[in-house]
Amino acid sequence: MANSQPLQVSKKSKFLDILGNWIGVIPFFIFIFVFLILPSTNLFIGAFQDTQGNFTFANIIGLQDPAILKAYYVSLQVSVITSLIGCIFGFFVAYAITIGKAPKWMRNILMTFSGLAANFGGVPLAFAFIATIGRTGLVTALLKGICFPASSGVQSCPFDIYENGFTLYGVLGLTLAYTYFEFPLMVLIITPALEGLKRDWREASDNLGANSLQYWRYVAFPILWPSILGAGLLLFGSAFGAYATAQALTGGSIYLVTILIGQQIRGDVLGNPNLGYALALGMVVIMGITISGYTILQRRTARWLKS
Amino acid sequence: MKTSRFNLWGLFWGTLALLYFFIPMYGTLDFSLRMQKGLISLRAYQIVLADHQFVESFLYSATMGIITVVISILIFLPTTYWIYLKLPKLRPVVEILTILPFIIPVIVYVFGLIRTFGRPPFRLTLTATGTDFLMVGGYVVLSMPYMFRAIDVGMRAIDVRTLTEASQSLGGNWLQTLINVILPNLRVALLSGSLISFATVIGELILADFLFRPALGPYMTSIGTTKAYEPAALTIMSFALTWVCLGIIQLVSRGDTSQQLTGR
C-alpha cells in the first residue's frame, strides 16, 4: 500500500489515506478515460464544431437533410418491427417454458438455445440466412418445388418467393435475421419474471371466478408490463445499433444509420466530417434514452421479483 | 383444471421456436456440404482450412482474443475486488461506466477511436503495432459489460470482506489475498467472463474492418462477397467455436446466463 513511509504531518497522512483507498481503482479509471471517455467526448465536441473548429449548431440542424432523415426512419422502422416481433414471439416462448408446461426436454433445449442464439449475430448470422432463404437457399428451393397444375396447363408455383417479390437482401430479410437473436434475448429476460408469477395469484383469481383472460388482463399483465416494456427497449437497442449483419446481408445497400456512419468513416459521403459526428451523436442519444428506460423498468421489476 | 388446452398452446410456441432455431442451422449445414454437385462432401471445409489467409486471420483474432482476456482480467478483477473491499459506494458508478458499450453502438465507438487516435498527437493508426494497441483497447471496452458483470456476480456470491480479513490475520498482503484466496473462488465467474469475451473478439467485424487489421471478421465478409459455399462452411465453424465457448459457460454456471444479460 502507498502509505508505508513514516509520516509526520497529519494532513499529508490523511491525503495518503484517501490515495491508498483509491489506488486500486485508478488503473480502471485511466483505462476508461483513455478508451471510452476520450473518444466519446471527442465525437461529442466534433458534433458542435464546424470544420475550422468553431462552435456551431449547424451540424445538429444539418441532420434534417432528407438522406439522413431517411436513414433514421429506416433504422427506427427495422428496430421497432423486429423488437415488437421479438417481444411477442419471445414472450410466448418464455410462456411455453414456464407456465405453458412444455415437455421437459423441449424446455431444456429452448433455454439452452436462447442463451446461445441471443449472443449470435454479425456476419455468420447473415451467412446462415443467405444459405437458408437466400436466392439459392435450402428453404427457397423447397418452397419453389411446391407446384400445382393450373387450369391453363401451365404449372403454378405459389411459393416461389423470389418470383413473388420477396427478397432477403432488404428490410424484410433483415427483420427475419434480427429476429433470430431478438426473440431468444426476450426469452432470457422475461423467463425470470414469468417464473416470479405466484401460483397463489392464479388460484386466488380462479376462486374469485375470473376466467383466464381476466386473470391475464387484471392480474398478470399489470405485474408484467414493466418487464415486457423494458425487454422491448433492450431489443430495440440491440437492433438499432447492429451493423455487421446488415452490412453482410445487403452489402451496404440498405439505408440504415449505422451503414451511413460506416460509409462516412470510409469516405465522408456526407461531404462534411462534422455532420458525421452529429449523426453518431443522434444515435447515442436514442440509445441512451432506450437503455435508461430499460434500466429504470428493470429496477421496478427487481422490486417485486426479489420478494 | 383445463391444462390440456394450455399444453397445446405452449407446445405450439415451443415448436415454432425450435423450428426458427434449427432451420437456418440445418440450411447452412446442408448448403456447406453441397459444394460438389450431387454429392455430400466436406470440400468447402477443406478449401477454407487450406486457405492460408483463413489460418492467418484466425490466428490473429485468437491472439487478440487471448490478449484481450488477459488485460480485461488484469483491469477488472483488482478493480471489482477493491470496490467490494473499500469503496462499495463506487459500485453504481462503475456499473454505469461498464454498461456504456451497450449504449454506444460499435460503429459509433470505432468512429470515436479513429477520430481521437488517428490524428496528431497520437497518430496510432499509422503503424500496425499502434493499431493493434488500439484494437486491444477497443476489444477490452467491448467485452467489458460481460467481464465486469461476470466478476461482479462471482464476487457477490462470496464474502470478500471476511475472506480478506481471514487472509490478513494469517499475514497475507492484499496481492496474496487476491491471488491465493479470491481468485480460486472466482474460477467459474472468470471462466465465463473470459469465454464470452474471447467469443466476442473472434466474431468481431467492425473494429478490425475499420482499422484495417487482418482479423477473422473482415476475412469472412470478403469471402461472403466472392464465394458461395465457403461462407456457409465458415459459419458452421464459427457456430461450433462460439457455441463451444458459450456451451461451457452454460455448463459451469448451470444454464444461468440470464444474470449476465439482464445485469441484475
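Model, not experiment: these values are computed from the prediction.

**Student:** Kindly report on the overall build of chain A, identifying the contributing residues and their values.
**Tutor:** Summing up its helical and strand segments, chain A has 13 helices and two strands in all. Taking 307 residues into account, the globule formula puts the C-alpha radius of gyration at 19 Å, and chain A, at 26 Å, lies well above it. Each principal axis of the C-alpha atoms in chain A carries an extent, and together these give about 100 × 65 × 35 Å. For chain A, the residues scored as buried account for 43% of the 307 residues in total. For chain A, the share of sequence-separated contacts (at least 6 apart) that also reach a separation of at least 24 residues comes to 70%.

**Student:** Any details on the overall build of chain B? Residues and values, ideally.
**Tutor:** Along the backbone of chain B there are 13 helices and zero strands. Ordered by position from N to C terminus, the α and β elements of chain B give α-α-α-α-α-α-α-α-α-α-α-α-α. Each principal axis of the C-alpha distribution contributes one length, and for chain B these read about 75 × 70 × 30 Å. Looking at the 264 residues of chain B, the share that counts as buried comes to 47%. Put simply, of all contacts in chain B between residues at least 6 apart along the chain, 76% involve residues at least 24 apart.

**Student:** Which residues make up helix α4 (residues 91-103) of chain B, and what values do they have?
**Tutor:** Note on helix geometry: an α-helix contains 3.6 residues per turn, so any two residues three or four positions apart are oriented the same way. Relative to the 18 Å expected for 13 residues at 1.5 Å per residue, α4 of chain B spans 19 Å between its end C-alpha atoms, a close match to the ideal helical length. Buried within α4 of chain B are the following residues: V94, T98, L100 and I103 of chain B.

**Student:** Lay out the nonpolar core in plain terms, naming residues and giving numbers.
**Tutor:** Soluble globular proteins tend to bury their nonpolar side chains together. The biggest cluster of nonpolar side chains holds 161 residues, and the ones touching the most others in it are V93, M186 and A280 of chain A together with I151 of chain B. In terms of residue count, the dominant contributor to this core is helix α6 (residues 128-157) of chain B (15 residues). Those residues in contact with M186 of chain A, other than ones at most four positions away along the chain, are G86, C87, G90, F91, A231 and L235 of chain A.

**Student:** Which residues make up the confidence of the model for chain A, and what are the values?
**Tutor:** Residues at a pLDDT of 70 or more form 94% of chain A, whose mean pLDDT is 85. Within chain A, strand β2 (residues 155-156) of chain A has the poorest average pLDDT of any element, 74, and helix α4 (residues 66-97) of chain A the best, 93.

**Student:** Would you mind going over the interface of chain A and chain B in detail, with residue names and values included?
**Tutor:** Of the residues lining the interface, 68 residues belong to chain A; the matching set on chain B comes to 69 residues. The element that contributes the greatest number of residues to the side of chain A that touches chain B is helix α2 (residues 26-47) of chain A, accounting for 12 residues.

**Student:** Tell me about the packing of helix α7 (residues 160-169) of chain B against helix α8 (residues 174-185) of chain B, residues and numbers included.
**Tutor:** Residue and element names in this part refer to chain B. Running from amino to carboxyl end, α7 crosses α8 at an angle of 125°, the nearest separation of the two axes being 10 Å. It follows that α7 is oblique to α8 by the angle criterion. Note that α7 runs across α8; the crossing there is right-handed. Listed contacts from α8 to V160, L163, T164, S167 and Q168 of α7 are T177, V181 and I182. Here the residues of the contact of α7 with α8 sort into four nonpolar, four polar and no charged.

**Student:** Give me the packing of helix α6 (residues 122-133) of chain A against helix α12 (residues 229-252) of chain B: which residues, what numbers.
**Tutor:** Packing of α6 of chain A against α12 of chain B leaves a shortest axis separation of 9 Å and a crossing angle of 130°. As the angle between them shows, α6 of chain A and α12 of chain B are arranged oblique. Of the two possible hands of crossing, α6 of chain A and α12 of chain B adopt the one that is left-handed. Contact residues: P124, F127, A128 and A131 of chain A in α6 of chain A; P231, A232, T235, S238 and F239 of chain B in α12 of chain B. Looking at side-chain class alone, the contact of α6 of chain A with α12 of chain B contains seven nonpolar, two polar and no charged residues.

**Student:** I'd love a proper account of the confidence of the model for chain B, names of residues and values included.
**Tutor:** Reading fine detail from the predicted coordinates is not recommended where pLDDT is low. All names here are of chain B. When pLDDT is averaged along chain B, the result is 86; 93% of the residues meet or exceed 70. No element of chain B has a lower mean pLDDT than helix α13 (residues 258-262), which averages 40, and none a higher one than helix α3 (residues 52-85), which averages 93. Across residues 255-264 the pLDDT falls below 50, and counting only partners more than four positions away or on other chains, this stretch makes 23 contacts in the model. Among the scores for the predicted complex, ipTM is 0.85 and pTM is 0.85.

**Student:** Report on the environment of S41 of chain B, specifying residues and quantitative values.
**Tutor:** Residue and element names in this part refer to chain B. For S41, the position within the fold is in the loop between α1 (3-32) and α2 (43-50). With 13 C-beta atoms counted inside 10 Å, the residue S41 sits in the partly exposed group. Put simply, S41 and L100 are 59 residues apart on the chain and 45 Å apart in space, counted from C-alpha to C-alpha. For S41, the contacting residues outside a window of four places in its chain are L33, M35 and Q36.

**Student:** Tell me about the environment of E230 of chain B, and please be specific about residues and values.
**Tutor:** Mapped onto the elements, E230 of chain B comes out in helix α12. The contact partners of E230 of chain B, leaving out residues within four places of it in the chain, are A44, I47, V48 and I223 of chain B.

What counts and how
Residues numbered from 1 in each chain as written. Chains lettered and ligands numbered in written order. Predicted model: local features only at pLDDT ≥ 70, side-chain atom pairs only at ≥ 80, totals over all residues. Helix = DSSP H or I, 4+ residues; strand = E, 2+ residues; numbered from the N terminus. Rg over C-alpha atoms; globule rule 2.2 N^0.38 Å. Buried ≥ 20, exposed ≤ 12 C-beta atoms within 10 Å, placed from the backbone. Contact = placed C-beta atoms within 7 Å. Expected span 1.5 Å × (residues − 1). Core = buried A, V, L, I, M, F, W, Y, C linked by C-beta atoms within 7 Å. pLDDT = per-residue confidence, 0-100. Axes fitted to C-alpha atoms, helices over the stretch in contact; angles between N-to-C directions. Parallel < 35°, antiparallel > 145°, perpendicular 65-115°, else oblique. Left-handed = near helix turned anticlockwise from the far one by under 90°. Nonpolar A, V, L, I, M, F, W, Y, C, P; charged D, E, K, R; others polar.

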